[in-house]
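Chain by chain, the residues:
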Amino acid sequence: MIESHLSLLMVVLPLLAAPIVAVLPNGRLPWAVSTLVSWSVFYLAAWQLMNVSTGHVISYELGGWAPPWGIEYRIDAVNALVALIVSGIAALTLPYALKSVTKEIPQQQHALFYAAFMLCLTGLLGIAQTGDIFNLFVFLEISSLSSYALISLGKKRQALTAAYQYLIMGTIGATFFIIGVGLLYAMTGTLNMADLAQRLPELYEHRTIHTAFAFIMVGFALKLALFPLHVWLPNAYTYAPMVVTIFLAATATKVAVYVMLRMVFTVFSVSFIENTPVDELFLLLCVMGILGMSFYAIYQKDSKRLLAYSSVAQIGYMVLGIGLGSVLGVTATLVHLFNHALMKGALFMAIGALVYRVGSSRLEHFSGLGKQMPWTFAAIVIGGLSLIGVPGTAGFISKWYLVLAAIEKQNWLIVAVILIGSLLAVAYVWKIIEVLYFKATDELEQKNITVKEAPLMLLIPMWVLVLANVYFGFNTELTVGTVEQAVKLLIPGVNE
Amino acid sequence: MMEIILEHYNYWLGVIIMMAGFYTVISRGNLVKKIVGLNIFQVSVFLFYISIGNVKGGAVPIIEKGITLYSNPLPHVLILTAIVVGVATTALGLALVVRIKEAYGTIEEDDIHNQDQSL
Amino acid sequence: MKHNLILRVVSKFLIPLIFLFALYVQFHGDFGPGGGFQAGVIFSATIILYALVFGVDNAKKVIPAYVLRLLASLGVLIYAGTGVVTMLLGGNFLEYGVLASSQVAGQHLGILVIELGVGITVMSVMLIIFFAFAERGRPALNVESESESELE
């Protein structure tokens, strides 16, 4: 019993922390409270994962009202994994934030910054834990609104237009989602995901259900930045403050992919998908996204923008697994979800260290820094290798599963696309590494500037993520083991 | 034909308002007009939800002695939440527009784009 | 606008009545249309009406900015705090039945407290938004003349 309370506490703790942090005086106190809360939430998330990894499902009724009338928090291995990622990234980003935020955001906005960060964490964790569709919408909007506010705090004025563009597109996406939910409610009379899964099969031929599915898919495709609807992402990631970029890049889109998995496989089952052209459409969009965005990333001159386009391509990989629709495909999606959070988190943290020392994120200002900041450079190298998918890193595991899933479906085009995507990733990772290490350091030597290595507070979280990349490249028990457990629950009745 | 329109007039109304709002968001270049269009878009969704909650012959969903058939109170609660979300989004959007005006001097999307391109 | 006699007198008469109506809407959510959000907006409408007629500076003397931030946080804490209290008393989160001796009384009490929290937060947030927008468009503050203290 107590365990289910703790699952709820994961969402309530940041929610309680946010108003408290908002009224604290500016200084170290908001940061300290936020960090404490995020570490406690991470501890609870790890504990929760240990509880559900055996296949046990935690069910918590809000308000004591039994589902399907009440709101239910239903936590199985998939939720627990996503919650672990979100809380883990938050727990690592907040120590990083102490120095980074002090440099980028004026002092009088610090308390409100951390309050908004806590609200974003609440929203993302709520999405991961809930089993009720409307509750999902509420938490989706909480996390989205706080991320719009966080993004607009960037130094340049383009941060404002980037936040505005994200606001318009994000709200349209959320409104599409809620139209779909309304249509589903009108047809079935329930908002609980498990109950919907039971009531929908007899209604599959109904046109309203197809419309609802279409609205929900488009709404969330906007949120997770699937290829044609990704337009807000590069601007948002480039102009946001560094801490916000790290946190959002590693969590927000992953949670949206998780929701899409839930919708596609739990609420609407695989048999529904196979009767619609959705899976082929997803495959087409993903292929275009992976190739197009990886290609486009090579031409970028700003390191944050380069990694943002790379993120869109990697999301293409994740949705590829959904499009393939098999057990191996979903396994690949979930494993890549976890690993990409680690990869992008590490890479963005390393870029953040460079930005902290240099003050700009453009590649031309990074020349030769690799020799003067060796630890940061090593982090970028390992993170880059993971992004490419070199054996021995976490990225390899997820690419391996994707290739296996594609081979199982005899879809050789997809296999080729995955491999070409990795080659393109080599190109843009090499671009960063070349500028950092091999470009002449004349400029810096002429001006006699020595750039110190990044401070310890920035290095330690970065290296925790980098080492996690390598660790999960060798020991796949946590990721693949949990994911296989999760997939059994996600696609019920499918034999291995 | 007339029955199709008259029977389901709430759905028709919802769709027309939704498309009006959505078109405003896409086609207008003025940032404030975009936010207004977004609001109209959201209002259509609210109308749709509340209209499907109505039960033919049902009373207002407040408990009173002697009445057995009530309209569905759940959509009302859902829409209350959605309205609050809409208000918060509008306030945030308008605050961003005020800051954009101070930073760029204009709130027309084309002018802002030109100013950024020339950087 | 404070030079306009009719506006001044009528608003001075109306503002307490609007406030009273807001309190009515707040506590009658169980029995009629009403509840926290609606009441919070009407509460804030009283202060906004005062600010429109008598000037933002006078309205800020009624409710200073730091009080508003504290009230906003207080409302959210009341809401989440009620949930935590129900958890400590043995029930699930927001299970109001455990708050009082009987289930029904507990539900009444729980909803009342929750709506109060919502009303306080909504009122303070609406006022924060209003004051934030009103401050932005003002001319330079060192020009103090009667005509410039009006809001347009």
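Scoring rules and cut-offs
Residues numbered from 1 in each chain as written. Chains lettered and ligands numbered in written order. Predicted model: local features only at pLDDT ≥ 70, side-chain atom pairs only at ≥ 80, totals over all residues. Contact = placed C-beta atoms within 7 Å. Helix = DSSP H or I, 4+ residues; strand = E, 2+ residues; numbered from the N terminus. Expected span 1.5 Å × (residues − 1). Bend = angle between axes of the 7 residues up to and from the residue. Buried ≥ 20, exposed ≤ 12 C-beta atoms within 10 Å, placed from the backbone. Domains from an automatic or database assignment. Nonpolar A, V, L, I, M, F, W, Y, C, P; charged D, E, K, R; others polar.

Chemist: Describe the interface of chain B and chain A, and please don't skip the residues or the numbers.
Modeler: Across the boundary between the two partners, chain B contributes 25 residues, which contact 22 residues of chain A. Elements represented by at least two residues in the side of chain B that touches chain A include exactly α3 (31–53), α4 (74–104) and α5 (109–117) of chain B. At 13 residues, the largest contribution of residues to the side of chain B that touches chain A is made by α4 of chain B.

Chemist: Outline helix α10 (residues 242–267) of chain A, supporting the account with residue identities and numerical values.
Modeler: Residue and element names in this part refer to chain A. Relative to the 38 Å expected for 26 residues at 1.5 Å per residue, α10 spans 36 Å between its end C-alpha atoms, a close match to the ideal helical length. If you look at α10, its biggest bend is around 40 degrees, right at L248. In terms of burial, α10 is largely enclosed, as 26 of its 26 residues are buried.

Chemist: Please provide a residue-by-residue account of the domain arrangement of chain A, values included.
Modeler: Residue and element names in this part refer to chain A. When cut into domains, chain A gives domain 1 (1–272) and domain 2 (277–496). For domain 1 versus domain 2, the separation of C-alpha centres amounts to 22 Å. With 44 residues of domain 1 at the interface, the matching set in domain 2 holds 43 residues. Mapped by element, the contributors of at least two residues to the side of domain 1 that touches domain 2 are α3 (77–104), α8 (207–224), α9 (232–239) and α10.

Chemist: So what's going on with the interface of chain C and chain A? Which residues, and what values?
Modeler: The partner chain A presents 14 residues to the 15 residues of chain C that form the contact. Looking at side-chain class alone, the side of chain C that touches chain A contains eight nonpolar, five polar and two charged residues.

Chemist: Outline unusual backbone geometry, supporting the account with residue identities and numerical values.
Modeler: Residue and element names in this part refer to chain A. Of note in the backbone geometry, A225 takes a positive phi value of approximately 65 degrees without being a glycine. Position of A225 relative to the elements: it lies in the loop between α8 and α9. Taking the C-beta count within 10 Å as the criterion, A225 has 27 such neighbours and is therefore assigned buried. Positioned with a positive phi, Q410 is a non-glycine residue whose angle comes to about 60 degrees. Taking the C-beta count within 10 Å as the criterion, Q410 has 8 such neighbours and is therefore assigned exposed.

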